[in-house]
Amino acid sequence: MTSTQAVILVGGKGTRLRPLTSNRPKPIVPLVDRPFMAYMLEWVASHGVTDVIMCCGFLADSMVEEIGDGSRFGLHITWVVEPSPRGTAGALWYAKPHLRDERFLMLNGDVLTDMDLTAQVEAHVRTGAVGTLALVPVEDPSAYGLVRLHPDDAVRGFLEKPTPEQIDTDLISAGAYVLEPSVFDLIPQDRLVSIEREVWPRLVGNGLYGSVHRGRYWMDIGTPTRYLEGTRDILSGRVLTQVARRLEDGPVDPSATVGDGSVVDRTALIDRGATIGPRVTVGSGSYVGPGATVGEEAILENAVVLAGARVGAKARLRDCIVGVGAVLGDGVVLSDAAMVGDGATVADGNVLTHGVRIGPGASIAPSTVWF
Ligand code: GDD
Ligand code: MG
């Protein structure tokens, strides 16, 4: 493809990822060593996309600051702010003035994937579709858009958030669409329109096709558990990203320090200027961000410690997220998707498990929580 345009929808609030999203929009939540949106932009750029129209509900300065005009990704990004929320299809009207009158891509802005978009566009051209949905198999389709296919890949039925009785296939819409401009004929103007509930059902039998991506990675990263899974999959190379390339040089950045007797797994990453004390275990799927410090004899397993955070000696962190600049005392235990917000302090001896979330800047006194 040459010079393709892509509309990316980033209107959601990301409430399920709080406190990571308490003080930043979801697209720039740090995921391993870069903002989440960087993965999407690197992915679309690798499939010939040159222009991105980013449709936002509100424009956070922090988002524009981190992502900018896209030149870092070899892209040109146009930022569009919706004066009022119009839903997944209504948002397209705001993008329209920036679209050329030709085929374009539309993407949900919250998936981590390495699907073959190029193959999807080829399938779209082959079938002469008006719209082609990327499809992936999942175990439980109930949280997604269920897609029933005819043998020739024409869509037979589309059901957003199906009830258990309605589920008769494992294929769901993966949130990546190839669209012809004629799709606008199906979107009412000046009101809230859901592409999933109003447009796809009307296109069934009228040019809506599916393109099944098997053996590729796909995940909606919207919950802490899936965020941690995504972290692990990026670090292990299960999903193809630029991070894998970075890890070819080893899991420890040359500017980081690792103390005597410490062990760092091959599928972990110790980022720029981080300091790991002596006899620390940094297990698989763990990330220690720029300038962060980890005290002696701490144990990390699929733990995310963001930039500038400080982890005390003998802390035990498993399946958890420690926010930017947060401070954990000695012997603190975090597990089971526990999250500590940016700049929060958890003093010595606290035990936070069961998905406990500490808000940004909060402070927990020594040995107060064992949950
Ligand atoms: N700009 C804009 N304006 N973006 C919006 C709006 C809006 O009014 N509403 C939702 N979005 C964005 C969200 O930020 C997200 O990136 C994307 O549109 C999809 O919305 P979600 O709220 O994340 O929907 P979902 O995950 O429940 O379901 C969607 O994604 C599934 C795949 O992850 C649907 O498209 C399903 O059919 C699909 O299977
Ligand atoms: Mg979603």
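Analysis parameters
Residues numbered from 1 in each chain as written. Chains lettered and ligands numbered in written order. Predicted model: local features only at pLDDT ≥ 70, side-chain atom pairs only at ≥ 80, totals over all residues. Heavy atoms only, no water. Donors = N, O, S within 2.8 Å, 3.2 Å for Na, K, Ca; no water. Helix = DSSP H or I, 4+ residues; strand = E, 2+ residues; numbered from the N terminus. Buried < 20%, exposed > 50% of the residue type's maximum accessible area, 1.4 Å probe, protein only. Patch = residues over 30% accessible without salt bridge, like charges linked within 9 Å, V, L, I, M, F, W, Y side chains within 5 Å. Areas by Shrake-Rupley, 256 points an atom, 1.4 Å probe, with all protein chains shown as cover. Salt bridge = Lys/Arg side-chain N within 4 Å of Asp/Glu carboxyl O. Polar contact = N/O pair within 3.5 Å; in protein donor to acceptor, adjacent residues only side chain to side chain. Contact = heavy atoms within 4.5 Å. Phe/Tyr/Trp six-rings, centres within 6.5 Å; stacked < 30°, edge-to-face > 60°. Lys NZ or Arg CZ within 6 Å of the ring centre and 35° of its normal. Near = heavy atom within 4 Å. Nonpolar A, V, L, I, M, F, W, Y, C, P; charged D, E, K, R; others polar. Core = buried A, V, L, I, M, F, W, Y, C linked by side-chain atoms within 4.5 Å. Domains from an automatic or database assignment. Pairing = 2+ DSSP bridges. Axes fitted to C-alpha atoms, helices over the stretch in contact; angles between N-to-C directions. Parallel < 35°, antiparallel > 145°, perpendicular 65-115°, else oblique.

Protein coordination at the magnesium ion (ligand 2) comes from Asp-110 (OD) and Asp-220 (OD), with a distance range of 2.1 to 2.5 Å. Highlighted residues: Asp-110 in the loop between strand 6 (104-108) and strand 7 (111-113) and Asp-220 in strand 13 (residues 218-220), separated in sequence by 110 residues. Residue Asp-110 shares its accessibility class with Asp-220, and that shared class is buried.

A word on a nonpolar patch on the surface. Together, Leu-59, Val-64 and Val-81 make up an exposed nonpolar region whose accessible area comes to about 190 Å². When you line up the elements, Leu-59 lands in the loop between strand 4 (49-56) and helix 2 (61-67).

By the element assignment, Thr-113 lies in strand 7. Given a relative accessible area of 5%, Thr-113 falls into the buried group. Within the local environment of Thr-113, its side chain forms a polar contact with the backbone nitrogen of Met-115, the two atoms lying 3.0 Å apart. Polar side-chain contacts of Thr-113 include one of 2.7 Å to the backbone oxygen of Tyr-217. The contacts of Thr-113, once residues within four sequence positions are left out, are Trp-43, Tyr-217, Trp-218 and Val-239.

The next subject is the packing of aromatic side chains. For any pair of aromatic rings, the description consists of the separation of the ring centres together with the inter-plane angle of the planes. This model, assessed by the stated rule, comprises 4 aromatic pairs. Here a set of aromatic residues connected by ring pairs shows up, and it is made of Trp-93, Phe-104 and Phe-184. Over the ring of Tyr-39 we find Arg-34; its NZ or CZ atom is 5.9 Å from the centre of that ring.

Right, let's get into the site of ligand 1. The environment of ligand 1 is made up of 23 residues, and the closest members are Gly-12, Glu-82, Glu-160, Ser-173 and Glu-196. Glu-196 places a side-chain nitrogen or oxygen 2.5 Å from an oxygen atom of ligand 1. In the complex, 83% of the free accessible area of ligand 1, which totals 730 Å², lies under the protein chains. Sort the elements by how many residues they give to the shell around ligand 1 and helix 3 (residues 87-95) lands first, with 3 residues. Of the residues in the shell around ligand 1, the class split is 8 nonpolar, 8 polar and 7 charged.

Here the focus is the nonpolar core. Formed by 61 residues in total, the largest nonpolar core has its most connected members in Leu-41, Val-52, Met-54, Leu-112, Trp-218 and Tyr-227. Among the elements that take part in this core, helix 1 (residues 36-45) stands out by supplying 8 residues, more than any other. Residue assignment places this core across two domains, with domain 1 (5-226) and domain 2 (249-364) each supplying three or more. Setting aside its immediate chain neighbours within four residues, Val-52 contacts Ala-6, Ile-8, Leu-41, Val-44, Leu-75, His-76, Ile-77 and Thr-78.

Let us now look at the pattern of salt bridges. A complete count under the given rule lists 19 salt bridges for this structure. Arg-191 serves as the salt-bridge partner of Glu-198, at 3.0 Å between the closest nitrogen and oxygen. Using a relative accessible area of 37% as the deciding quantity, one classes Arg-191 as partly exposed. Close ionic contact of Arg-246 with Asp-271 constitutes a salt bridge, the shortest N to O distance being 2.5 Å. Of this pair, Arg-246 sits in helix 7 (residues 242-247) while Asp-271 sits in the loop between strand 16 (269-270) and strand 17 (275-276), and the two are 25 residues apart along the sequence. By relative accessible area, which is 24% here, Arg-246 ends up partly exposed.

Turning our eyes to something else, we now look at the environment of Gly-215. Structurally, the position occupied by Gly-215 is in the loop between strand 12 (208-212) and strand 13. By relative accessible area, Gly-215 is classed as exposed at 87%. Residues Gly-215 and Pro-137, 78 residues apart in the sequence, show an inter-C-alpha distance of 9.6 Å.

A few words now on the pairing of strand 21 (residues 299-305). Among the 7 residues that make up strand 21, 5 are buried, leaving the element largely enclosed by the rest of the structure. Where strand 18 (residues 281-282) meets strand 21, 2 bridges bridge the pair, whose relative direction is parallel. Across the sheet, the residue bridging to Val-282 is Leu-300, located in strand 21. Here strand 19 (residues 287-288) pairs with strand 21 via 2 bridges, running parallel. Bridge pairing in strand 21 links Tyr-287 to Val-304. Two elements, strand 21 and strand 23 (residues 316-322), share 6 bridges in a ladder whose sense is parallel.

Turning next to the packing of helix 3 against helix 5 (residues 195-203). Helix packing geometry: the angle between the two helix axes and the distance between the axes. Interaxial distance between helix 3 and helix 5 falls to 7 Å at its minimum, and their mutual angle equals 80°. Of the possible angle classes, the one that applies to helix 3 and helix 5 is roughly perpendicular. From helix 3, Thr-88, Ala-89 and Leu-92 reach across to helix 5, where they touch Ile-195, Glu-196 and Val-199. For the contact of helix 3 with helix 5, the per-class residue count stands at 4 nonpolar, 1 polar and 1 charged.

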